[in-house]
Structure formats: C-alpha cells, structure tokens
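Coordinate inspection notes
So the chains spell out like this:
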Amino acid sequence: MTTNNKLPKTKTAEKSADCAFKDSSFKDGGFKPESTSAGEMLQSNTWLSRPVPRVKRHSLPQLTAVETEPSTQCPQCHSMITNTALIFNSYVCPHCDHHLAMTARERLADFLDQIDNELGQQFTTGDPLKFVDSKPYPHRMLQMQDKTGESEALIVFKGKLRDLTMVACAFDFRFMGGSMGSVVGDRFVEAAELALEHKIPLVCFAASGGARMQEGVLSLMQMARTGAAIERLRLAGVPYMVVLTNPVYGGVTASLAMLGDIHIAEPKAMIGFAGKRVIEQTVRETLEEPFQRAEYLLEHGVIDQVVHRHQLNDTVYRLLAKLMHI
Ligand SMILES: [Zn+2]
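Residues numbered from 1 in each chain as written. Predicted model: local features only at pLDDT ≥ 70, side-chain atom pairs only at ≥ 80, totals over all residues.

**Thoughts on the overall build of the protein chain**
Convention followed: Only DSSP runs of H or I reaching four residues or more are called helices, and only runs of E reaching two or more are called strands; each is numbered from the N terminus. Between the buried cut of 20 or more and the exposed cut of 12 or fewer other C-beta atoms within 10 Å of a residue's own C-beta lies the partly exposed class, and all C-beta atoms are placed from the backbone. For every residue pair, C-beta atoms are placed from the backbone, and the pair is scored as a contact if these atoms sit within 7 Å.
A tally of helices and strands in the protein chain yields 13 helices and 9 strands. Per-residue burial over the protein chain gives 32% buried out of 326 residues. Residue pairs in contact within the protein chain that sit at least 24 positions apart in sequence constitute 65% of those at least 6 positions apart.

Next comes the structure, spelled out in structure tokens:
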C-alpha cells in the first residue's frame, strides 16, 4: 500500500518538472523559471535572496618587527630582538646591554676592517687515541663540522684593523665547547709564527671550555706549545693581546688566554680554571655571584680592563698602536 501511494506522486512530480522545462524559455540562453512549479520552488527559497549578513571585521593590531623577521631571544632579559638589529648592534642586547655569544667568524668580521687570508686550514684532526665516549671521536667531529660549518674550534685571519696589520684568531664555542685539541694548537702556533715573522701583533679572542678530553695528553701538550710560541713573541717584542669573552675555562685559561701582554675582558664574562661548582664542592663554601666574573677578576688584578663590545675595537687599536710605537 505504501509503495502504491508513493509511485503516482513521483510520476506527478516528474511530469510537472518536464512541463516546467518545456515551458521555460531556453531560447534566450538562460533558465528563467516563470510561473512554473520549479520557478516557484526557487522563488520560495528565501535563503537565496536573503541578504548576506554583514561580516564584522576586527581591526588586527599591526605586527611588530620581531613577529615578521627572524629573531633571537636575549638570554638575560628574555626580550626578542631581530637578527638584523642584533648584527647591527654587534650582538649586544639593546634592552639590557647583555653581550650575546658570537661565532668566531662573526667576531673576526666585526673586529677586522680588512681580511687578507685565512690561516691553518691545512691542519686536520686525526684520532690517534681511537677515543670513544658516547660515540667515536671522528663521528663527533663530523657532527660538529656539520653543525657549525667550521673544520675546527679556532679560526685565524691575517688582516687589518684600520691601518694596523695583524693576525687575529678567535675560538668558536659552538665547536665542542671551543676545546683545544692538537689542530687548535697547530693553528695558534702558525698564527704566532706569522706574527713573529712579519713583526705584527697577535690578537686572540678566547672562548673555551678547556683542553679537549678526546685527545688526552695530546691536547694538554698544546698548553706547552702555545706557551712556547707566545714566549717567542715576547722575546722578539711582538705584542700579543687577549680578549676574554664568555666563557674561558680550563686548559685555555691555564695557557694562551693568560699569557698576553694585555688582557681585556667583555662585561660579565665568566673566566676561571675550574668551574664554580667544582670549587664550591672542594672548599665547601658557597661562592657569591660575581665570583669568576670579569669585573671580579678586574678587582682582584687578574685582568687589565673590562671593555664594552662597542668600544673594543677602538681600545684594542689604541693599545696596540701604543705598543707598536705608531
Ligand atoms: Zn637583553
């Protein structure tokens, strides 16, 4: 019964639709339902003719530079600084004056006005001790080289600061904590020998965790080698200046970083031999905050001057010019 009831209704609907298409004027190239059942159906659909409700447009706040450009967060005051502003400001936070870390190449590019050539690229690291900690030493080296784009932790350039030709080297702390292995020693000695040969000053930007444990006694030997190279400079009257940047520790502090004619440090740089926690455990005392900071060392006569990064180039130039009798 139910199917019988439905069937005639469907047929009637089809018939009326047929009539509608026959009656409608397709001649004009459009479907114009007029006084037809389909047309009435469309006209009855009020949602088609209903005006579109007005969309409320919220005025969005204008994006700031740190939201549109690659930015870095200051580790001290946590404010975001665009990388462009940071490079322009020599990696000093414009809000709190914190000195952020720089790579060796950024450091030397910021320091030297003219770069002639790079030294020490011929030295490559071997694995004489076949050292394995969580991974083999050669694997660790490859990983570091991929990460930093550098072949070792010390970069050496010969170039000019204003009219003063010099050899400048910088540690890259990203590369295994700027640790001193045999290649770092080789490069430093080559830098010192070039400075000695041409009687031009040597400047070293130190940032290191110390000797490289993966090279064992070979890394410790670099302390003596670099010390001997610096002594040759001293005997020849060639100035050697050290700029201590955050942080300098271990075997580097115990050798080349503390053997300069003049020691300059950046504000709040951490400088020491053993770490603060190790000393606290040994002497069973709590050491207050300025301990091992550059300002603390200046107070206690370990270094000569604490210089803001913006005044560093001028200060180094002035002191070297004085030592070179220019
Ligand atoms: Zn800051």
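**Quick look at the nonpolar core**
Note the following rule: Here, a nonpolar core denotes buried Ala, Val, Leu, Ile, Met, Phe, Trp, Tyr and Cys residues that are linked to one another through C-beta atoms within 7 Å.
Core analysis: the biggest nonpolar cluster contains 62 residues, and Ala 168, Cys 169, Leu 202, Ala 206 and Leu 244 have the highest contact counts within it. At 7 residues, the largest contribution of residues to this core is made by helix 8 (residues 182–198).

**A short note on the pairing of strand 8 (residues 262–265)**
Just so we agree on the cut-off: In this scheme, strands are said to pair when DSSP sees at least two bridges between them.
Bridge analysis of strand 7 (residues 240–248) against strand 8 gives 4 bridges, and the strand direction is parallel. Bridge pairing in strand 8 links Leu 244 to Ala 265. Relative to strand 9 (residues 305–306), strand 8 runs parallel, the two being bridged by 2 bridges. Note that in strand 9 the partner of Ile 264 across the bridge is Gln 305.

**So, the sheet that holds strand 3 (residues 114–119)**
Rule in force here: Every axis corresponds to a line fitted to the C-alpha atoms, with the helix fit spanning only the stretch in contact, and the corresponding angles, defined between N-to-C directions, vary from 0 to 180 degrees.
Taken in spatial order, the 7 strands make up an open sheet running 3-4-5-6-7-8-9, and their pairing is mixed. Only two strands of the sheet have a single partner each, and these edge strands are strand 3 and strand 9. Against the sheet, helix 8 makes contact with strand 3, strand 4 (154–161), strand 5 (164–171) and strand 6 (202–208), and its axis sits at roughly 20° relative to strand 4, the strand it touches most.

**What to know about helix 8**
In plain terms, the rule: Expected helix span is given by 1.5 Å per residue-to-residue step, counting one fewer step than there are residues.
End to end, helix 8 covers 24 Å across 17 residues, agreeing with the expected 24 Å (1.5 Å per residue, within 8%). Regarding helix 8, the residues found buried are Val 183, Val 184, Gly 185, Arg 187, Phe 188, Val 189, Ala 191, Ala 192 and Ala 195. Taken from the residues just after helix 8, Lys 199 is the one with a positive phi, measuring 55°.

**Structural notes on the packing of helix 8 against helix 9 (residues 216–236)**
Formally: Angles below 35 degrees are treated as roughly parallel, those above 145 as roughly antiparallel, those between 65 and 115 as roughly perpendicular, and all remaining angles as oblique. Under the scheme applied, nonpolar residues are Ala, Val, Leu, Ile, Met, Phe, Trp, Tyr, Cys and Pro; charged residues are Asp, Glu, Lys and Arg; polar residues are all the others, including Gly.
Where helix 8 meets helix 9, the axes come as close as 9 Å, and the angle between the chain directions of the two elements is 5°. In terms of orientation, helix 8 lies roughly parallel with respect to helix 9. Between helix 8 and helix 9, the contacting residues are Ser 182, Val 184, Gly 185, Phe 188, Val 189, Ala 192, Glu 193, Ala 195 and Leu 196 on the first element and Leu 218, Ser 219, Gln 222, Arg 225, Thr 226, Ala 229, Ile 230, Arg 232, Leu 233 and Ala 236 on the second. Of the residues belonging to the contact of helix 8 with helix 9, the class tally is 11 nonpolar, 5 polar and 3 charged.

**What about the environment of Ile 115?**
Looking at the secondary structure, you find Ile 115 in strand 3. Classification of Ile 115 by C-beta neighbours within 10 Å gives partly exposed; the count is 15. Considering only alpha carbons, one finds Ile 115 and Gly 159, 44 residues apart in sequence, at a separation of 4.2 Å. If we skip the residues at most four places from it in the chain, Ile 115 touches Phe 157 and Gly 159.

**Observations regarding helix 6 (residues 104–111)**
Selection rule: To obtain the arc, one takes the directions from the helix axis to the C-beta atoms.
Listing the buried residues of helix 6 in full gives Ala 104, Arg 107, Leu 108 and Phe 111. Taken down its axis, helix 6 places every buried residue within 90° of arc, on the same side. Taken together, the buried residues of helix 6 touch strand 4, strand 5, strand 6 and helix 13 (309–323).

**Some words on unusual backbone geometry**
For the bond running from Asn 246 to Pro 247, omega is -10°, close enough to zero to count as cis. Tracing the backbone through its elements, the reader meets Pro 247 in strand 7. Located in the positive-phi region is His 78, a residue other than glycine, with phi close to 65°. Looking at where His 78 falls in the secondary structure, it is placed in the loop between strand 1 (71–73) and strand 2 (80–82).

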